[in-house]
Every structure is written in C-alpha cells, then in structure tokens.
Amino acid sequence: MATTDASLRHRLNIPDWLAWLALSLGLLVTAAVSTLLWDRLNAATAQRFDSEVDKVVAQLRRRMVAHEEILRGAAGLVRASREVTRDEWHDYVDELNLERNYPGILGVGLTVRVPAADKAAHEAAIRRQMPDYAIKPDTPRAEYHSILFLAPLNERNRRAIGFDMNSEPIRSAAMSRARDIGDVALSGRVVLVQEGKDGVQPGFLLYYPVYARGVAVDTVEARRRALIGYAYSPYRAHDLFGSALRGYADHVVVAIHDGRSLDAATLLYSNAVDGQKLSGLEDVREIEVAGHAWTVRTRAPAGFGSDHLVLWLVPLMGIALSAVLFHLLRLLAETARAHRNARATARELALSETRLSAVLDTAADGIVTTDEGGMVLTMNRSAADMFDRRADEVIGLPLSRLLPQFDADWFAAGLHDAQSLTRLARHEDSTGLRAGVRQFPVTVSASRFVHEGRVVHTLLLRDVSEQVAAQTRMRLHDRALASSSEAVLIRDVQRTGLPVVYVNAAFERLTGRSAQEVIGRPFSYTADGDAADRVGDEMRWAVAHAKPFSTTVDVRRADGRTLWVALSSSPVRDNDGAVTHYVDVFDDITERVEFEQKLIRRTNRLHTVFFTVARRLCHLRCRRHPDQC
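Note that the structure is predicted; figures quoted are calculated from it, not measured.

What counts and what doesn't
- Residues numbered from 1 in each chain as written.
- Predicted model: local features only at pLDDT ≥ 70, side-chain atom pairs only at ≥ 80, totals over all residues.
- Heavy atoms only, no water.
- Helix = DSSP H or I, 4+ residues; strand = E, 2+ residues; numbered from the N terminus.
- Contact = heavy atoms within 4.5 Å.
- Areas by Shrake-Rupley, 256 points an atom, 1.4 Å probe, with all protein chains shown as cover.
- Phe/Tyr/Trp six-rings, centres within 6.5 Å; stacked < 30°, edge-to-face > 60°.
- Buried < 20%, exposed > 50% of the residue type's maximum accessible area, 1.4 Å probe, protein only.
- Lys NZ or Arg CZ within 6 Å of the ring centre and 35° of its normal.
- Pairing = 2+ DSSP bridges.
- Expected span 1.5 Å × (residues − 1).
- Salt bridge = Lys/Arg side-chain N within 4 Å of Asp/Glu carboxyl O.
- Axes fitted to C-alpha atoms, helices over the stretch in contact; angles between N-to-C directions.
- Core = buried A, V, L, I, M, F, W, Y, C linked by side-chain atoms within 4.5 Å.
- Polar contact = N/O pair within 3.5 Å; in protein donor to acceptor, adjacent residues only side chain to side chain.

## Details of the overall build of the chain
Part 1 of the argument: If you tally the helices and strands in the chain, you get 17 helices and 19 strands.
Part 2 of the argument: Within the chain, counting contacts between residues at least 6 apart in sequence, those at least 24 apart form 58% of the total.
Part 3 of the argument: For the chain, the exposed surface amounts to about 35600 Å²; the carbon and sulfur share of it is 54%.

## Let's talk about the packing of aromatic side chains
Part 1 of the argument: The final tally for this structure, using the stated rule, is 12 aromatic pairs.
Part 2 of the argument: Aromatic side chains phenylalanine 204 and phenylalanine 241 sit 5.9 Å apart centroid to centroid with 25 degrees between the ring planes, which places their arrangement in the stacked category. In this pair, phenylalanine 204 sits in strand β4 (residues 203-211) while phenylalanine 241 sits in helix α9 (residues 237-244), placing the two residues 37 residues apart along the sequence. With respect to burial, phenylalanine 204 and phenylalanine 241 carry one shared label: buried.
Part 3 of the argument: Aromatic pair phenylalanine 241 and tyrosine 269: ring centres 5.8 Å apart, planes at 55 degrees, arrangement tilted. Taken as a pair, phenylalanine 241 in helix α9 and tyrosine 269 in strand β7 (residues 267-270) lie far apart in primary sequence, 28 residues in all.
Part 4 of the argument: Within the aromatic cluster, the residues linked to one another by ring pairs are Phe204, Tyr235, Phe241, Tyr269 and Trp294.
Part 5 of the argument: A cation sits over an aromatic face here: lysine 119 above tyrosine 144, 5.8 Å from the ring centre.

## Examining unusual backbone geometry
Part 1 of the argument: In the segment running from lysine 136 into proline 137, the intervening peptide bond is cis, with an omega of 0 degrees.
Part 2 of the argument: Locating proline 137 in the fold gives a position in the loop between α5 (119-127) and β2 (143-151).
Part 3 of the argument: Going from alanine 151 to proline 152, the amide bond is cis rather than trans, its omega being 0 degrees.
Part 4 of the argument: Turning to its location among the elements, proline 152 is positioned in the loop between β2 and α6 (155-158).
Part 5 of the argument: One non-glycine residue, alanine 290, lies in the positive phi region at around 50 degrees.

## Digging into the pairing of strand β6 (residues 253-258)
Part 1 of the argument: Among the six residues that make up β6, six are buried, leaving the element largely enclosed by the rest of the structure.
Part 2 of the argument: Of the two faces of β6, the one lined by Val253, Ala255 and His257 and the one lined by Val254, Ile256 and Asp258 are each fully buried.
Part 3 of the argument: When β6 meets strand β9 (residues 292-301), the two strands line up antiparallel, connected through six bridges. By the bridge assignment for β9, aspartate 258 is matched with tryptophan 294.
Part 4 of the argument: Looking at chain direction, β6 and β7 are connected through three bridges and run antiparallel. Considered in β7, the bridge of alanine 255 is made with serine 270.

## What to know about helix α17 (residues 590-624)
Part 1 of the argument: Helix length check: α17, at 35 residues, gives a terminal C-alpha distance of 52 Å against a target of 51 Å (1.5 Å per residue), a fit within 8%.
Part 2 of the argument: Residues Thr590, Phe595, Phe610 and Ala614 constitute the buried set of α17.

## Comments concerning the pattern of salt bridges
Part 1 of the argument: Counted by the stated rule, this structure contains 28 salt bridges.
Part 2 of the argument: Arginine 236 is the partner of glutamate 195 in a salt bridge, and the nearest nitrogen-oxygen pair spans 2.8 Å. A residue pair is termed long-range when its members are at least 10 positions apart, and glutamate 195 in the loop between β3 (185-186) and β4 and arginine 236 in strand β5 (residues 227-236) qualify at 41 residues. Across this residue pair, the class does not change: glutamate 195 and arginine 236 are buried.
Part 3 of the argument: When the shortest N-O distance is used, the salt bridge between aspartate 463 and arginine 434 registers 2.6 Å. Highlighted residues: aspartate 463 in strand β14 (residues 454-463) and arginine 434 in strand β12 (residues 425-434), separated in sequence by 29 residues.
Part 4 of the argument: The class of aspartate 463 is partly exposed, set by a relative accessible area of 31%.

## Digging into the environment of threonine 298
Part 1 of the argument: Counting through the fold element by element, threonine 298 comes out in strand β9.
Part 2 of the argument: On the basis of relative accessible area, threonine 298 is assigned to the buried category, the value being 0%.
Part 3 of the argument: In contact with threonine 298, not counting residues within four places along its chain, are Phe49, Val53, Val252, Val253, Val254, Leu281, Glu282 and Asp283.

## What about the environment of glycine 242?
Part 1 of the argument: For glycine 242, the location among the structural elements is in helix α9.
Part 2 of the argument: A relative accessible area of 22% means that glycine 242 is categorised as partly exposed.
Part 3 of the argument: Discounting chain neighbours no more than four positions away, the residues touching glycine 242 are Ala237 and Tyr269.

## Brief notes about the sheet that holds strand β19 (residues 579-588)
Part 1 of the argument: Across the sheet, five strands lie side by side as β16-β15-β19-β18-β17; this open sheet has antiparallel pairing. With one partner strand each, in any of the chains shown, β16 (500-503) and β17 (549-556) form the two edges of the open sheet. When the angles between neighbouring strand axes are averaged without regard to direction, this sheet yields 25 degrees.
Part 2 of the argument: Where strand β18 (residues 562-573) and β19 come together, nine bridges link them in antiparallel fashion. Paired with proline 571 across the two strands is tyrosine 582, which belongs to β19.

## Side note on the nonpolar core
Part 1 of the argument: Counting residues in hydrophobic clusters, the biggest one holds 75 residues, and the most contacted among them are Trp89, Val108, Phe204, Tyr207, Phe241, Ile256 and Trp294.
Part 2 of the argument: Here this core takes 11 residues from helix α2 (residues 16-80), the largest share from any one element.
Part 3 of the argument: With residues up to four places along the chain from it excluded, the contact list for phenylalanine 241 reads Leu60, Phe204, Ile256, Leu268, Tyr269 and Trp294.

## Observations concerning the side chain of arginine 171
Part 1 of the argument: On the secondary structure map, arginine 171 appears in helix α7 (residues 169-181).
Part 2 of the argument: Residue classification places arginine 171 among the buried residues on the basis of a relative accessible area of 5%.
Part 3 of the argument: Polar side-chain contacts of arginine 171 include one of 3.1 Å to the backbone oxygen of valine 191.

## Points about the sheet that holds β4
Part 1 of the argument: Judged by pairing direction, the sheet is antiparallel, and its five strands sit side by side in the order β2-β1-β5-β4-β3 without closing on themselves. Of all strands in the sheet, those with a lone pairing partner are β2 and β3, marking the two edges.
Part 2 of the argument: Where β3 and β4 come together, two bridges link them in antiparallel fashion. From the neighbouring strand, leucine 186 faces β4, where its bridge partner is leucine 206.
Part 3 of the argument: Docked against the sheet, helix α3 (residues 86-96) engages β1 (108-115) and β2, running at close to 55 degrees with respect to β2.
Part 4 of the argument: Sitting on the sheet, α5 is in contact with β1 and β2, with an inclination near 140 degrees to β1.

## Some details on the environment of leucine 227
Part 1 of the argument: Along the polypeptide, leucine 227 turns up in strand β5.
Part 2 of the argument: When the C-alpha atoms of leucine 227 and valine 215 are compared, they prove to be 9.7 Å apart, with 12 residues separating the residues in sequence.
Part 3 of the argument: Residue contacts for leucine 227: discarding those within four places in its chain leaves Arg113, His145, Arg179, Pro209, Val210 and Tyr211.

Below you can see the structure in the form of structure tokens.
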C-alpha cells in the first residue's frame, strides 16, 4: 500500500509552470478561433448588406424602365394618328391604370411645340374645348412648349395645363437632351407645378420626344427641326420611391440624391427614421437613369448583423475550459500532498453526517416537513411520540390532521404573505391533536426552502403543555391574506415589439406598476436598463420557434427595488394551431434566495461545531486511555 501511494505521488508530481502554460495556450487558441469566427460573421453580414443594396438598385432601374416604356407607348400613339384628341389620350392613360400598376406617377402628359407667331391662334383653338386655357408664363419667347394633355385630369394636374416647361432651366435642359438624342431624358430635382402649399415633395420629370411623321431624324439638326412636342410624366419623389422600394428596402436605410452630391439640398427621398441608430455598413452608388445621375446611399441599421450565440459561447467556453484545465493541473500538482488529508477529512465528514442524523432523530423537538400544499413528507421520532401517532400512518396526510391551524388555506396564503418572506422562520403558538383527539399546546417554528423545484416547509415543534397547562384558550394566528394567483402577463406576439395586452392584480403588486402603464407597450424583465436583455433574447427565440421557456431573472420594481422572480412563459395557440400570444407567469423568489444563502451559512456553522466537538472528545479519550490512541 505504501508503494502504491508513493507511485501515485510520483505520477502526480506535475510542475506548477505546466498549468500556466496550458492556460496561456488555451487562451491563445480561444482568441484565434473567436477572431476567425468574427471575421466570418462580418464577411457574411457584408455580403448580405451588398445583396440588399443590389435589390434596391435593381428595383429602381426596373421601375424607371417601366415608366420609360409608358412614354414610348404614348409617343407611338401620337405618331400613329393624324391628330390625337383629348379623349383618345385620356382613354390611353386610363387603360394603363396608373394608380394600380405604376404607383408614384402623377400622370402622362403631352406638350406641343408652338412657335411665337402661332401662339395666339393656338390658344384660341384650344379655348374652344378649355375656355380658361392659356400658355404660362406669358413672357415673350421664340417658341413655347405648352402642356396640352395631362391624364388623369384631376385637380392637382389641372394646375399644370398650359404651363411652358421650357421656360424653367432644369426642365428645359432635360427636354433639350431628349430632343437631341431622340430618347428618354430625366430632369433634375424640381418642385412640380402640381404642388400646393402643404406637403410639398421634391419632384422630377421624364421626357420622350415626339417627332413629325415621315420626317428623317438621323441627325441632331434633323431631330430639332422635326420636333413637335414631348410625351412626359411628372413624379413626386417620396410617393414614387416609397411605393417602388416597399418590400425591397425594409431592412436598410436608403437615401436617394439628385446628381452626384450627398448634400441635403439634393435629397429626393429617404426612409430613415428620426433617432434611428445606424451601424458602420454603408454603400454609395451612382446610377444613371435616362441620361441623368442619381446617387443612392444605403446604410445598415443597428442590429443588421446580429451576433450569433456561438460567437459568445466560443470565447466563454474556451476561457472556461482553459480555466478548468489550469485548475485541474494545479489540483493534480497538490494531490499527492493532500491525499492523506482528504481521506481523513472524508472519514470525519462521514462521522459528522452520522452524528447529525442521530441528533435529528433523537432531538427532543419534533421535526416535520410538508409540501407546499401541507401534505406531510417526513417526521422524526420525537414528532411521532408528541402526536402519539406512527410516522408511516401520518406521512401523506394533511398536516391539519396533527395541527388543525395549518390547513391548506394557511399554506396557500403563506406563498404570497410578504411578511413571511422577510424572515427565515415563523414562530407561532398553535394547538396539536394527540392521537387525533386530545388537544395540547405546541409552539411551531416554520420555515421553507425549494428542493428540486418544489417548495418544502420545515416545522420545528415543541410540546409546551406543562408551561401553558393553566391556559384554556390558545392564541390563534391571524388568518393569512386572501389567496391570490401568481403574477400573470400576456403578450401579443403577432404585433411588433410583443406588446402587453393583459396583467393581473398580482403583477401590479409585485412590480409596483399599474396595468395602464404596461398594457399596449413592450415589457422588459431586465433590471439594469444598460444591460443586455437576456430574457428578451430568450423570449424572441422562443416566439420564433413557438417554444415555452422558463428562467430566473431579477426585475426592477417601479420604486427602484430589485426582485428575483421565477418566470415561466408558454405559447397560446388559436384554433389553427398558430401561436398568437405568450403567457408569462412569475412569482417573487427574492426571500427564497436569501433563505438559501442563510441556510448554507447555518449548515456550515453546524458542521464546524460538530467537527470541533469530535476533536475535543477524541483528545479527552486519549488523555484517559492513552493505550487506545
């Protein structure tokens, strides 16, 4: 045996520096793996962001190409007819169903080229159909490009009839470019004549030239001579881009600027929300639409690349494993020296436990344990003798058979009795039933703890018949507070933010918040407003997977006090099996935590007392009988 111990100590003779080396290598590997995973996540996030940007840009191009085709069709209508009437133009536009198929466009219009010499005759001819028609602004020019048709002819578009768009420099530049290239041309940022005083949006216009029939237009000069007007469409930027990007820019923040500048003065559209936090991901692209440049600036909101749980688990597990390995190596280095002490300690501990069991079983006071409903779980010999009952016939029966005062109502009320939660034990004078018939006075010290998730009550009983023999009436403990249910909170998971739709009175008492404060709003269990919302993350995961979950969390009351609560959350499904709500049920376990801590400290002190008494008894025995030591 001695040889075996010596061999064991030899094999476990591990130098101290080996533990430090293992710790350093473990942390180094953990840092390398964590860095690699972070790089992979950032790359995946950037790739996803680029994909979102591509979707936005592609959708803008598709929408504008569709609008170009509208104007080409309108120009074809003009060239195919000797004279297009106003009714024919409106019929053509009505068939397009702009509001449903092309949201954001104000209409499709036609302008005519009017030389200065023909201005009066032109106005007179049109006034036969529209008495209030006039070319505006009414300033002398070599030629006019008056808006003749614009459909649908609503109140907003009526303001534009007769307006000479060639009189405004930005519109004129786009019209001239369309005329010279023989294709669509987009204007810069303008304020449309259709705008009123309120809700003014940035606007722009798209032009397509209309040339005279049968005339060659193969050169710039020929196209200038053959021009008879333009098919065009006006756009309100917010309306157009808001509808075009719906479903395409829901996960990114998009700003579209006119030209190549990102100044506020060039902004056409932005879906940014005031106070919205953004991440560092950003993309700026310049796209050309009908010969005109737009700058599309796309940014990712905060949380776009949400962290994966594994990225937090890897470093934490790596550090934990490194620490465990370090600790094990240090322990192994000390095992040879501590082996004999450990065996001696184990013998003394077993002896202490045996003595503790004997003390409890031979204690003068009765000891009874019950579950949370008051059913007897265990009782020692003194308790059985006190009630003149056998332990095996009492276990499983209500405690009220022995102590009528401690019935089911007492236990139910005790769960929510705030006064009982402020102390480790309750001391009461009660009345017991000896042999189920004879009454006798007894003092009860009741406490409770949680074992394997169940509340267990411990009652220390002392028969005080001799002390209170002259007393005929016993004091009865005040009735417990009316039983109330645990705190309940119901969330609507079909709405953004999981708002609260119901809380009970126990919730108001426990959290100090009224129903009016929380209903209709999200509710967080996080006590520290700056801390990560762990429970919120667990809840969102559970909702996403339609799973129940339970946890323990500290909650801040309205008055600032922090409570520990045991939370259980379960999904509620409709008739189709879809999850519509989540029900949170929780209760205050703060005092239970304090009780457990106090119980641990008392147990440690008890073990210390037993250990000290054992050693003193051993010393006394050695003094009296040296030959037996």
